[in-house]
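Residues per chain, in single letters:
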Amino acid sequence: MLPFLPDNKNFSYRDNELWCERVPLKQIAEEFGTPVYVYSYNSIKKAFLAYQQALKPYPHLMCYAMKANSNIAIIHLLAKLGAGFDIVSGGELRRVIEASGDPKKVLFSGVGKTYDEIAYALENDIKCFNVESEPELERIIEVAKAQNKVARISLRVNPNVDAKTHPYISTGLKQNKFGIAIEDAPRVYEKA
């Protein structure tokens, strides 16, 4: 375990019964049925603040990957703590906004962004689009021009480096589907 990660005392056994914070899980199961997902507010908060503290000496924005869990209560908690959000769809942006998250702290990643999603993200002044391909960049430019805006972007560059991971999760080789080829990146950035 990394030294700055808090240990988790928010899930504990009391008299052979598992509790989350001050609530026995048996009570939750009886009230809501099973299966049921139970999250510890304090565990999430402590973990987030531990990372914030570790990064304090450096300029940073910690972004929660919405694909991990799009529970509105969790998004709201993280937004209150100052988190940004990494999204892959307009629906995820709507959830961030619904949970009082700041669109100016949203990074829009993922392939296949639609015209409507790009327009919605620009209307809400997100922090940045992570561009996965040249055609996607052209789509973002087209939508931004129609709104008389300049979209903030970053390029996902495929470095053509073998990380020697399982072939099904490999993302950094030229034959993988993710990112702009490293040799094309300067030209594509100039185009942006």
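Refer to the structure above for everything that follows.
For clarity, every value in this text was computed on a predicted model and none was experimentally measured. Positions within a chain are numbered from 1, following the residues in the order the chain's sequence is written. pLDDT decides what is reported in this predicted model: residues at 70 or higher carry local features, side-chain atom pairs at 80 or more are listed and counted, and totals for whole chains, interfaces and linings draw on all residues regardless. Hydrogens and waters are ignored; side-chain quantities use all the structure's heavy atoms.

**Points about the layout of surface pockets**
Take a probe with the size of a water molecule and roll it over the atoms, and the empty space left behind shows itself. Definition in use: The rule is simple: put a 1 Å grid over the protein atoms alone, call a set of points where a 1.4 Å probe fits but cannot get out a cavity, call an open set with protein on both sides within 12 Å along at least five of seven lines a pocket, and count a residue as lining if it has an atom within 4 Å of a point. Grid points are joined across faces, edges and corners, and a volume is the space filled by probe spheres set on the points. Numbered from the N terminus, helices here are DSSP runs of H or I no shorter than four residues, and strands are runs of E no shorter than two. Polar here means any residue other than Ala, Val, Leu, Ile, Met, Phe, Trp, Tyr, Cys and Pro, which are nonpolar, and Asp, Glu, Lys and Arg, which are charged; Gly is therefore polar.
Considering only enclosed or pocket space, the largest pocket measures out at about 190 Å³ in volume. Counting only elements with at least two residues in the lining of the largest pocket, the list comes to helix H2 (41-55), strand E4 (63-65) and helix H3 (72-80). The element contributing the most residues to the lining of the largest pocket is H2, with four residues. Its residues assigned to classes, the lining of the largest pocket shows ten nonpolar, no polar and no charged.

**Notes on helix H5 (residues 115-123)**
Heads up, the rule is: Partly exposed describes any residue whose relative accessible area lies between the buried limit of under 20% and the exposed limit of over 50%, with all areas from a 1.4 Å probe on protein chains only and scaled to the type maximum. Should any heavy atoms of two residues lie within 4.5 Å, those residues are considered in contact.
Buried within H5 are the following residues: Glu-117, Ile-118, Ala-119, Tyr-120, Ala-121 and Leu-122. Along its buried surface, H5 packs onto helix H4 (90-98), strand E6 (106-108), strand E7 (128-131) and helix H6 (134-146). One or two positions beyond H5, positive phi appears at Asp-125, with a value near 55°.

**Description of the pattern of salt bridges**
Operational definition: Just to be clear on terms, a salt bridge is a Lys or Arg side-chain nitrogen sitting within 4 Å of an Asp or Glu carboxyl oxygen.
Counting across every chain of the model gives seven salt bridges. In this structure, Lys-104 and Asp-125 form a salt bridge, with 3.6 Å as the shortest nitrogen-oxygen distance. Within this pair, whereas Lys-104 is found in the loop between H4 and E6, its partner Asp-125 is found in the loop between H5 and E7, the two being separated by 21 residues in sequence. Taking the relative accessible area as the measure of exposure, Asp-125 reaches 32% and is therefore partly exposed.

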